[in-house]
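# Report on the structure
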Amino acid sequence: MTTTVTVSDRSGRTGDTPPGATALPVAGPAAVRRAALRLIRRDARAFALMLVLNALAAGAGLVGPWLLGRIVDTVRAGGGVRAVDRLALAVVVSALVQLLLARGARYVGHRFGERTVARIRTQYVDRVLALPPAVVERAGSGDLTARGTTDVASVARTLRDAAPEVCVAAAQALFLLGAVVVLGPLLGLCGLGLLCGLLAVRWYLRRAHRAYLAEGAATSELAELLAATAEGARTVEALGLQERRWAAAERAVRRFRETRLRTLFLRSVLLPAVDVSYVVPVAGVLLVGGALHRQGGITLGAVVTAALYLRQLADPLETVLLWVEQIQSSGAAFARVEGLVGAPRLPKAAPGTRPLPADDRIDVTGVHYAYDGAGDDVLRGVDLTIRPGERIALVGPSGAGKSTLGRLLAGIEAPRHGSVTVGRVPIASLDPEVLRRQVVLVTQEHHVFLGTVRDNLRIAAPEADDAALTAALAAVGAGWAEELPAGLDTELGPGGYRPDGSQSQQLALARVVLADPHTVILDEATALLDPRTARHTERALAAVLAGRTVIAIAHRLHTAHDADRVGVLEAGRLTELGTHDALVAAGGAYAALWESWHGRPRG
Ligand code: ATP
């Protein structure tokens, strides 16, 4: 198993779903409506133009059948060929006008859709970037990715294709029905046959939202599980977790299948019911209209026009139904995209308005912390002051809370009670740019970002020039990076140069050098390294740590032995604090740990 070192990107993701993972929120119907209205208001002109063009196109669509009715009446009244020709020409012209108006409405609709989707995407990215790292970590990258790709794509499809089509169709349907009622209220009643279709649609809509939400959640769950398994493949292999991951994947696939079957069932009821509803009104108009005509209450032309109108209704209804499923599923997708509004955010303040640390002193005062703010505290009343330049080691049994304290010291999590400050400013509230100049957490995880060597380094110091980047690489012994074919311009990752574990660690450590924090927290940075990699990393680490405050979460007690002070954490409490010698002499928990680790007590 390769173990690596990284500058934590504040998300600190591991290859498995973290314990206590919580799903990101989903927006409720009212919030979704408000968000949709906000998006419409931002492009109100285009939206209004789209509606007007739709109404005009729908109005033009009424002219054709009406003219056909006139032709029937003209022929019955013995009108000549010229009169019929004129009417036929008018039919062609009205069809052309309708076509042009409908095209225009669609064009405006598509452009409106594209602009709106661009806004949704930008908003989504902004919101993801505003999420606190701890929330990103707990939500899992699968869910965030599914929302940002599948869900946004579904909303985009609706806005680009479905919404313009449905607007045109809805306007046509309303105008056609209105026209039938104008021709004869009794004929209009035949339109009620459409009700059975509408009832089926209502039945469907009531169930579809939840069903599609469940389908979306099952998709995310599956994506998250597969992503986590792939990312943590080595851990899975090393710990023999294949069976468990396999069982979890099977459960996720089963849930995915169940939710897909549910939406399939809903569609299989809806579509036949709708087909029947098209035929009933036309048959009704022909029967009722025929009877009325026999009694002289209506002309044959009007009956033909009404039948054509109702027959014509099938097209817009078909369009609406074709897209209703897409609109439903994208409604659920939009609820998930908008759900991020309800997620916690990084505190936001105008640049320069937040207080900056007065000095490099770190104070932990009365800190209590529980994951997700619920359950038992994993840190209980911790007090600790770390003086600039000091080397402090945190030791204690597994699960005592050492890593959690490290995360609080790095500003990844904020305490539930109490405070963790640097220079009297809460660390978790610092701007990322300020924070990375204060404290950086180095763990055994690593991440090579897609991009060039330069991109990978400049994450830590966007303004650094090539000389600074080269110096940082040299400081951690990463001369290899400059010997790559394109030097700092070499692309890393899939399709480019793939650094091995120790090279990735060096890149991560070069980032620490560039960020130049006064304090570095080491959490298992070298605990699980193979000896060759460990030697490389220890050397690079020594270069990185020179002249900085170091807080080392110590798994090997020689680190504690070499530290200025040692803190012992037990069950979330800091039970001992002092120099190695003093703690060994005190004969407490540290002395016992030291003895068991070292085999005999040492002074
Ligand atoms: P180790 O030496 O094994 O790494 P530690 O002293 O660093 O242990 P922590 O990792 O801080 O201990 O864990 C403290 C407690 O918090 C443990 O009970 C652990 O199960 C719990 N814990 C850790 N991470 C999470 C998390 N993401 N969600 C919920 N509980 C967590």
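Residues numbered from 1 in each chain as written. Predicted model: local features only at pLDDT ≥ 70, side-chain atom pairs only at ≥ 80, totals over all residues. Heavy atoms only, no water.

### Brief notes about the domain arrangement of the protein chain
As assigned here, the protein chain comprises domain 1 (28-342) and domain 2 (362-597). Relative to domain 2, the C-alpha centre of domain 1 lies at a distance of 53 Å. Residue-level contacts link four residues of domain 1 with six residues of domain 2. Where domain 1 abuts domain 2, roughly 360 Å² becomes buried across the two surfaces, and 35% of that area is made up of carbon and sulfur atoms. The interface formed by domain 1 and domain 2 includes zero salt bridges. Applying the counting rule to domain 1 against domain 2 returns zero residue pairs in polar contact (both at pLDDT 80 or more). Classifying every residue of the side of domain 1 that touches domain 2 by side-chain character gives two nonpolar, no polar and two charged. (Domains from an automatic or database assignment. Contact = heavy atoms within 4.5 Å. Buried area = accessible area lost by both parts, 1.4 Å probe. Salt bridge = Lys/Arg side-chain N within 4 Å of Asp/Glu carboxyl O. Polar contact = N/O pair within 3.5 Å; in protein donor to acceptor, adjacent residues only side chain to side chain. Nonpolar A, V, L, I, M, F, W, Y, C, P; charged D, E, K, R; others polar.)

### As for the pairing of strand E11 (residues 549-553)
With respect to burial, E11 is a largely interior element, five of its five residues being buried. Burial of E11 is two-sided: the residues Thr549, Ile551 and Ile553 facing one way and the residues Val550 and Ala552 facing the other way are all buried. (Buried < 20%, exposed > 50% of the residue type's maximum accessible area, 1.4 Å probe, protein only. Helix = DSSP H or I, 4+ residues; strand = E, 2+ residues; numbered from the N terminus.)

### What to know about a positive patch on the surface
Taken together, the side chains of Arg33, Arg34, Arg38 and Arg41 present a region of like positive charge at the surface. Within the secondary structure, Arg34 sits in helix H1 (residues 29-42). (Patch = residues over 30% accessible without salt bridge, like charges linked within 9 Å, V, L, I, M, F, W, Y side chains within 5 Å. Areas by Shrake-Rupley, 256 points an atom, 1.4 Å probe, with all protein chains shown as cover. Lys, Arg positive; Asp, Glu negative; His and termini not counted. Charge placed at Lys NZ, Arg CZ, Asp CG, Glu CD.)

### Section: the site of the ligand
Lining the immediate surroundings of the ligand are 13 residues, of which Ser398, Gly399, Gly401, Ser403 and Thr404 lie closest. Between an oxygen atom of the ligand and a main-chain N or O atom of Gly401, the distance comes to 2.9 Å. At 2.4 Å, a side-chain N or O of Thr404 approaches an oxygen atom of the ligand. Across the complex, the protein chains shield 68% of the 630 Å² of accessible surface that the ligand would expose by itself. Broken down by class, the residue content of the shell around the ligand amounts to five nonpolar, six polar and two charged. (Near = heavy atom within 4 Å.)

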